[in-house]
Amino acid sequence: MIDLSTSIAGVKLKNPTILSSGILGTSPELIKRAFENNAGAATIKSIGPKLRDGNNNPSVINFGHGLLNAVGLPGPGYKNMDVEFNELSKIKDPVIWSIYGSKIEDFVNITKYIIKYKPKIIELNISCPNKENGMLFSQDKKSAANVTRSVKEVAEKTIIIPKLSPNVANISEIAYACEKAGADAINAINTVQGMVINIDAKKPVLYYKKGGMSGPAIRPIAVRCVYDIYENVKIPIIGTGGITNGRDAIEMIQAGASAVGIGSAVYYHGINVFGNIVNEIKEWMQENSYNSIKEIIGIAHE
Ligand SMILES: Cc1cc2nc3c(=O)[nH]c(=O)nc-3n(C[C@H](O)[C@H](O)[C@H](O)COP(=O)(O)O)c2cc1C
């Protein structure tokens, strides 16, 4: 019997696949569809302090090896989302509530507000590159630790997971600072800063000019980040970036991830991607005589 379950700081997942933030919005119906299609956990789009329109189009392009986006965190703001929060709180499977802010106070206030809905896990998006000050908190270890510590103080029993940016010199140092500040797990990585220029129009393709890269092009960057973080922290890691099939997921788990985030692959392959990845993980485990995901976590370090 192959055991595909895993756990993130005591929260059990039936398998290691997690819908990443920003891919299917905050709609409880879409989050439920991820679970119906075999996701082990699902993350809502990051919710912020107030109404934001997001950036003008084009805001997402496929550049051939991945996506470049500058969606810019559109959303109604946390005080206008009680109907959705109420529905999300009824979902039994593990929903990850992603939040962002431009001040520590924003993260604290949103946490205090949503805590009454008893979220199992809150993810701190301190790493969005497509917004002024978006990456402020993941850029240096003190800021990352301060936001983590401040949220932990008001989070009661909720698991807190800072999501880190690869656009830094030493990501494992930042992960270590978050662990010391009380983080229960780490998610790595958010998108990689990039730009694409239309040479005929002689202009950047995205309206916002710069964006965040995701999809297959960033997988080796994400694997390297997870590998480095695993050597520096004891808390579990969610490995995110460029995973499109079971072999990619196994690679990330071997690098040290306890679970894997899947974002752009949902754009490429639709919601069935979770079931396909889970089947491919199982096949690889069968062929290689592994009975449990836990036996594979971090084995590339041995
Ligand atoms: C269109 C789009 C929107 C995103 N929005 C968010 C977001 O709201 N919050 C967040 O933490 N990450 C966001 N991300 C980043 C993803 O969650 C993920 O970290 C990244 O895309 C790398 O994973 P992937 O290669 O599997 O897509 C977004 C990514 C894309 C492509």
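Just above sits the structure.
Attention here is on the structure that accompanies the text.

Criteria and cut-off values
- Residues numbered from 1 in each chain as written.
- Predicted model: local features only at pLDDT ≥ 70, side-chain atom pairs only at ≥ 80, totals over all residues.
- Heavy atoms only, no water.
- Helix = DSSP H or I, 4+ residues; strand = E, 2+ residues; numbered from the N terminus.
- Rg over C-alpha atoms; globule rule 2.2 N^0.38 Å.
- Contact = heavy atoms within 4.5 Å.
- Areas by Shrake-Rupley, 256 points an atom, 1.4 Å probe, with all protein chains shown as cover.
- Near = heavy atom within 4 Å.
- Polar contact = N/O pair within 3.5 Å; in protein donor to acceptor, adjacent residues only side chain to side chain.
- 1 Å grid on protein atoms, 1.4 Å probe; cavity = no way out; pocket = protein on both sides within 12 Å on 5 of 7 lines; lining within 4 Å.
- Sits in = over half its atoms within 2 Å of the grid points.
- Disulfide = S-S within 2.5 Å.
- Patch = residues over 30% accessible without salt bridge, like charges linked within 9 Å, V, L, I, M, F, W, Y side chains within 5 Å.
- Salt bridge = Lys/Arg side-chain N within 4 Å of Asp/Glu carboxyl O.
- Buried < 20%, exposed > 50% of the residue type's maximum accessible area, 1.4 Å probe, protein only.
- Points joined across faces, edges and corners; volume = space filled by probe spheres on them.
- Pairing = 2+ DSSP bridges.
- Axes fitted to C-alpha atoms, helices over the stretch in contact; angles between N-to-C directions.

Quick look at the overall build of the protein
Here's step 1: A tally of regular secondary structure across the protein gives nine helices and 16 strands.
Here's step 2: A compact globule built from 302 residues would reach a C-alpha radius of gyration of about 19 Å, and the protein, at 18 Å, matches this within 12%.
Here's step 3: Once the C-alpha set of the protein is aligned to its principal axes, its extents read approximately 50 × 50 × 40 Å.
Here's step 4: Here the contacts in the protein between residues at least 6 apart in sequence split such that 70% fall between residues at least 24 apart.
Here's step 5: Approximately 13100 Å² of the protein is accessible, and the part contributed by carbon and sulfur atoms is 48%.

A closer look at the site of the ligand
Here's step 1: Close to the ligand lie 24 residues, the nearest being S21, S46, G215, G242 and S264.
Here's step 2: For the ligand, an oxygen atom lies 3.0 Å from a polar atom in the side chain of K45.
Here's step 3: In the complex, the protein chains occlude 98% of the 610 Å² of accessible area that the ligand would expose alone.
Here's step 4: Assessed atom by atom at 2 Å from the grid points, the ligand resides in the largest pocket.

Here we look at the state of the cysteines
Here's step 1: Per the counting criterion, the structure on display carries zero disulfides.
Here's step 2: No disulfide involves C178; its nearest neighbouring cysteine sulfur is the one of C225, lying 13 Å away.

Looking at unusual backbone geometry
Here's step 1: For the peptide bond that leads from N57 to P58, omega is -5°, which places it in the cis range.
Here's step 2: Position of P58 among the secondary structure elements: in the loop between strand 4 (41-43) and strand 5 (60-62).
Here's step 3: Omega for the bond connecting A188 with I189 falls within 30 degrees of zero, at 20°, which places this linkage in the cis form.
Here's step 4: Along the chain, the position of I189 falls in the loop between strand 10 (186-188) and strand 11 (192-195).
Here's step 5: Backbone geometry at A9 places phi at a positive 50°, although glycine is not the residue there.
Here's step 6: Assignment of secondary structure puts A9 in the loop between strand 1 (6-8) and strand 2 (11-13).

Section: a nonpolar patch on the surface
Here's step 1: Residues V60, Y267 and Y268 make up a contiguous nonpolar surface patch of about 260 Å² in total accessible area.
Here's step 2: Summarising the element assignment, V60 is placed in strand 5.
Here's step 3: On the basis of relative accessible area, V60 is assigned to the partly exposed category, the value being 33%.

Overview of the layout of surface pockets
Regions of empty space are outlined by a rolling probe, equal in size to a water molecule, passed over the atoms.
Here's step 1: Estimates place the volume of the largest pocket at around 530 Å³.
Here's step 2: Contributing to the lining of the largest pocket are 34 residues, with S21, I23, N69, N190 and T191 lying nearest its centre.
Here's step 3: Broken down by secondary-structure element, the contributors of at least two residues to the lining of the largest pocket are strand 6 (67-69), strand 16 (259-262) and helix 8 (264-269).
Here's step 4: A per-element tally of the lining of the largest pocket places helix 8 first, with three residues.

What to know about the sheet that holds strand 4
Here's step 1: One closed barrel holds the eight strands; their spatial order is 3-4-7-8-9-10-15-16, and the pairing between them is parallel. Between one strand and the next, the sheet's axes are offset by a mean angle of 25°, whatever the strand orientation.
Here's step 2: Here strand 4 runs beside strand 7 (residues 95-99); their pairing, made up of two bridges, is parallel. Residue pairing across strands places A42 opposite V95, the latter belonging to strand 7.

With respect to the environment of E179
Here's step 1: Here E179 shows up in helix 5 (residues 171-180).
Here's step 2: Ignoring anything within four residues of it in the chain, the contact list for E179 reads N232, V233, K234 and I235.

Description of the pattern of salt bridges
Here's step 1: The final tally for this structure, using the stated rule, is seven salt bridges.
Here's step 2: As a salt-bridge pair, K103 and D106 come within 3.9 Å of each other at their nearest N and O atoms.
Here's step 3: Given the relative accessible area of 10%, D106 is considered buried.
Here's step 4: In this structure, D228 engages R224 in a salt bridge whose closest nitrogen and oxygen atoms are separated by 3.4 Å. With D228 and R224 both in helix 6 (residues 219-232) and four residues apart, this pair spans about one turn of that helix.
Here's step 5: Using a relative accessible area of 39% as the deciding quantity, one classes R224 as partly exposed.
Here's step 6: Taken together, the salt bridges that share partners define one network made up of R219, D248 and E251.

The analysis is restricted to geometry; functional conclusions fall outside its scope.
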